[in-house]
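# Overview (structure and organization)
One-letter residues, chain by chain:
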Amino acid sequence: MNNLIEDIDIVTQQEKEAEACETVKVSENSNSGKERKLYIESYGCQMNFSDSEIVSSIMAKNGFDTTSNFEEADVVFLNTCSIREKAEQTVRNRLAQFNNVKKKKPDMMIGVLGCMAERLKSKLLEEERIVDLVVGPDAYRDLPALVKQVDDGQKAVNTFLSREETYADINPVRLNSNGVTAFISIMRGCDNMCSFCVVPFTRGRERSRDPHSIVREAQELFNNGYREVTLLGQNVDSYKWSPEQNNKARLEKTEVSHIVNFASLLEMVAQVDPDLRVRFSTSHPKDITNEVLHTINRYENICNYIHLPAQSGNSRILQLMNRTYTREWYINRVDAIRSIIGEDCGISSDMITGFCSETEKEHQDTLSLMDYVKYDFSYMFFYSERPGTLAEKKYEDDIPLEVKKRRLSEVIAKQQAHSLERNKRDVGKVHKVLIEGSSKRSDQHLQGRNSANKVVVFPRKSYSKGQYVHVRIEDCSAATLFGKTID
Ligand code: SAH
Ligand code: SF4
Ligand code: F3S
């Protein structure tokens, strides 16, 4: 999300530049004089990064400041991802490094949180003998008790998955924040069963968060100077909340009395303030409605950008993937975006190459779908079989690694060409840009994003982050637009 920014094995060059490859996020120093120090390192998607902010908040209430240096930490948490084998391997390597530090500092507590904790449960304690604590994504409220258990000399595990937990009442501590853009989780879990995907097993059943608490969080962010929120969920289009269904065990009475779907939630958040930009991720092609597209159109501050992962351009493969749409259905949704919002709406995708039994011709269908859509960018992966998934049980992982990788390189090359082509369309046009901070390459330049989520770089002058400016685009690469502000 924005997309899911995971253990990106392979991303387009533009994403490397745009996100500086945010594959790992590390906590910063917060020195409010608390007794102990927490170091938290996060892998995987934006939802995981957002969870680390909830974890930091829970730990702050229990006597922990955060630190950016794990060697000075009393507690080290790795918030992990299981999406591909490589993601788990990265965490294992990291645990081996922590092991060396722990030899010199035996009191340092090491915890594994997130999706890998959920997938492997107490096996992690046995496999990785240095791990003291294993906590799944729905059990973070239990962290203070679990830390105490480890303090008392025991190992601690809680991988209980909830049907209700949304952490709605917890005020996240913003980590690695630029003070301008923030993520808000609007739902948890996933009820789709894409056959390649481990998420339904690691994150549990889908549940939507109280819209009132979402709007309140957006309002607080705005009051604190933030100017953009991204609403996060594995499948935001299936967001659904009603007082009858969801208000059973709420801490507060909600002000909402009707069923809220994703379109109405978007509208509620857009109404917080016209100067608060709203983004969202991820949209599922089977669920995205014209109502959502029309809502985007009605509000200037809802960004014209949709992350709509296709995964494959071939209907037989999509069926094996259990994506529940065909190539034709997908194309129909793209046509709807182009006709309702317009040609300039940013569209991005996730693609998997070399899924079980994919033929060369079926791979060509992915390339031809890309030619049809002309994505602004994509996250692209070769298929990695995951234990316990439907595909692992039902299909043979029969495409040789070299073939998977060659197909992936063809997909990446095509995306590069399309990204450049799409960016060239912007040269000569004026874009409204929200300034996020200094350009990564030069202090004399600032950078921000336009509505379509493209990075725009321009001379600093006396502008500062959090401001909106209008920039006339003069040049571009596949990753970035370059221009000058106009008054
Ligand atoms: N909920 C989002 C995506 C979640 S995971 C959606 O439905 O689109 C992010 C991306 O990781 C997926 O879109 C997919 O492209 C990729 N992915 C998931 N499982 C994978 C696997 N087993 N091998 C390779 N890529 C995978
Ligand atoms: Fe995984 Fe599919 Fe759910 Fe996305 S929609 S998280 S790919 S199961
Ligand atoms: Fe996200 Fe990875 Fe879990 S992509 S939901 S952290 S498996």
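On a predicted model such as this, the values are computed, not experimentally measured, just so you know.

## Quick notes on the packing of aromatic side chains
Scanning all chains against the criterion turns up eleven aromatic pairs. When the centroid spacing of 6.0 Å and the interplanar angle of 20° are considered together, the rings of Tyr140 and Tyr167 count as stacked. Placement of the pair is Tyr140 in the loop between β6 (133-135) and α6 (143-151) and Tyr167 in the loop between β7 (156-158) and β8 (181-185), with a sequence separation of 27 residues. Pair check on accessibility: Tyr140 and Tyr167 agree, each one buried. Among the aromatic residues, ring-to-ring pairing joins Phe196, Phe355, Tyr383 and Tyr395 into one connected group. One Lys or Arg, Arg84, reaches over the ring of Phe381 and ends 3.7 Å from the middle of that ring. Residue placement shows Arg227 over the ring face of Phe222; its charged tip is 4.0 Å from the ring centre.

## Structural notes on the sheet that holds strand β15 (residues 305-307)
If you trace the three strands from one edge of the open sheet to the other, you get β15-β16-β17, paired in parallel fashion. Lying at the two open borders of the sheet, with one neighbouring strand each, are β15 and β17 (377-382). Neighbouring strand axes in the sheet, compared pairwise and without regard to direction, differ in orientation by 10° on average. Contacting β16 (346-353) and β17, helix α16 (residues 401-424) crosses the sheet at an angle of about 175° to β17.

## As for the site of ligand 3
Surrounding ligand 3, one finds eleven residues, the nearest of these being Cys45, Cys81, Ser82, Cys115 and Arg203. Each of domain 1 (2-158) and domain 2 (181-248 + 256-424) accounts for three or more of the residues forming the shell around ligand 3.

## Some remarks on α16
Look at α16: 35 Å from first C-alpha to last across 24 residues, which is about the 34 Å you get at 1.5 Å a residue. Among all positions in α16, only Lys404, Arg407, Leu408, Val411, Ile412, Gln415, His418, Ser419, Arg422 and Asn423 are buried.

## A short note on the environment of Gly388
Checked against the element boundaries, Gly388 lands in the loop between β17 and α15 (390-394). For Gly388, a relative accessible area of 27% gives the class partly exposed. In this structure Gly388 touches Phe201 and Lys393, once residues within four positions along its chain are discounted.

## Description of the domain arrangement of the protein chain
What the domain assignment reports for the protein chain is domain 1 (2-158), domain 2 (181-248 + 256-424) and domain 3 (430-486). Distance from the C-alpha centre of domain 1 to the C-alpha centre of domain 2: 26 Å.

## Thoughts on unusual backbone geometry
Residue Thr282 is reached from Ser281 by a cis peptide bond, and omega for that bond is 10°. Within the element layout of this structure, Thr282 appears in the loop between β14 (277-281) and α11 (290-298). Look at Lys461: it is not a glycine, yet its phi comes out positive at around 45°. Along the chain, the position of Lys461 falls in the loop between β20 (455-459) and β21 (468-476). Judged by its relative accessible area of 57%, Lys461 is exposed.

## As for the pattern of salt bridges
This model, assessed by the stated rule, comprises 42 salt bridges. The shortest N-O distance in the salt bridge between Arg141 and Glu165 comes to 2.7 Å. Here Arg141, found in the loop between β6 and α6, pairs with Glu165, found in the loop between β7 and β8; they are 24 residues apart in sequence, far enough to count as distant. Taking relative accessible area as the criterion, Arg141 reaches 39% and is therefore assigned partly exposed. We note a salt bridge from Lys454 to Asp376, for which the minimum N-O separation is 3.2 Å. Taken as a pair, Lys454 in the loop between β19 (445-449) and β20 and Asp376 in the loop between α14 (360-373) and β17 lie far apart in primary sequence, 78 residues in all. Note on Lys454: relative accessible area 8%, which makes it buried.

## Considering the pairing of strand β11 (residues 228-232)
Regular strands show a simple pattern: their side chains alternate between the two faces of the sheet. Most of β11 sits inside the fold, with five of its five residues counted as buried. The pairing of β8 with β11 spans five bridges and is classified as parallel. Considered in β11, the bridge of Ser185 is made with Leu232. The pairing of β11 with β14 spans five bridges and is classified as parallel. Across the sheet, Leu231 pairs through a bridge with Phe280, a residue of β14.

## Let's talk about the packing of α14 against α16
The geometry of α14 relative to α16 is characterised by a closest axis approach of 10 Å and an angle of 15° between their N-to-C directions. Judged on the interaxial angle alone, α16 and α14 are roughly parallel. The two elements α14 and α16 cross, and the hand of that crossing is right-handed. Along the contact surface, α14 presents Glu360, His363, Thr366, Leu367, Met370 and Asp371, while α16 presents Arg406, Arg407, Glu410, Val411, Lys414, Gln415 and His418. Here the contact of α14 with α16 is composed, by residue class, of three nonpolar, four polar and six charged.

## A short note on the packing of helix α13 (residues 327-340) against α14
At a closest axis distance of 11 Å, the pairing of α13 and α14 adopts a crossing angle of 15°. On the basis of the axis angle, α13 is roughly parallel to α14. Seen from above, α13 lies across α14 with right-handed handedness. Here α13 contributes Arg327, Tyr330, Ile331, Val334, Asp335 and Arg338 to the contact with α14, which in turn contributes Asp365, Ser368, Leu369, Tyr372 and Val373. Looking at the contact of α13 with α14 residue by residue, the classes come out as six nonpolar, one polar and four charged.

Cut-offs applied
- Residues numbered from 1 in each chain as written.
- Chains lettered and ligands numbered in written order.
- Predicted model: local features only at pLDDT ≥ 70, side-chain atom pairs only at ≥ 80, totals over all residues.
- Heavy atoms only, no water.
- Phe/Tyr/Trp six-rings, centres within 6.5 Å; stacked < 30°, edge-to-face > 60°.
- Helix = DSSP H or I, 4+ residues; strand = E, 2+ residues; numbered from the N terminus.
- Buried < 20%, exposed > 50% of the residue type's maximum accessible area, 1.4 Å probe, protein only.
- Lys NZ or Arg CZ within 6 Å of the ring centre and 35° of its normal.
- Pairing = 2+ DSSP bridges.
- Axes fitted to C-alpha atoms, helices over the stretch in contact; angles between N-to-C directions.
- Contact = heavy atoms within 4.5 Å.
- Near = heavy atom within 4 Å.
- Domains from an automatic or database assignment.
- Expected span 1.5 Å × (residues − 1).
- Salt bridge = Lys/Arg side-chain N within 4 Å of Asp/Glu carboxyl O.
- Parallel < 35°, antiparallel > 145°, perpendicular 65-115°, else oblique.
- Left-handed = near helix turned anticlockwise from the far one by under 90°.
- Nonpolar A, V, L, I, M, F, W, Y, C, P; charged D, E, K, R; others polar.

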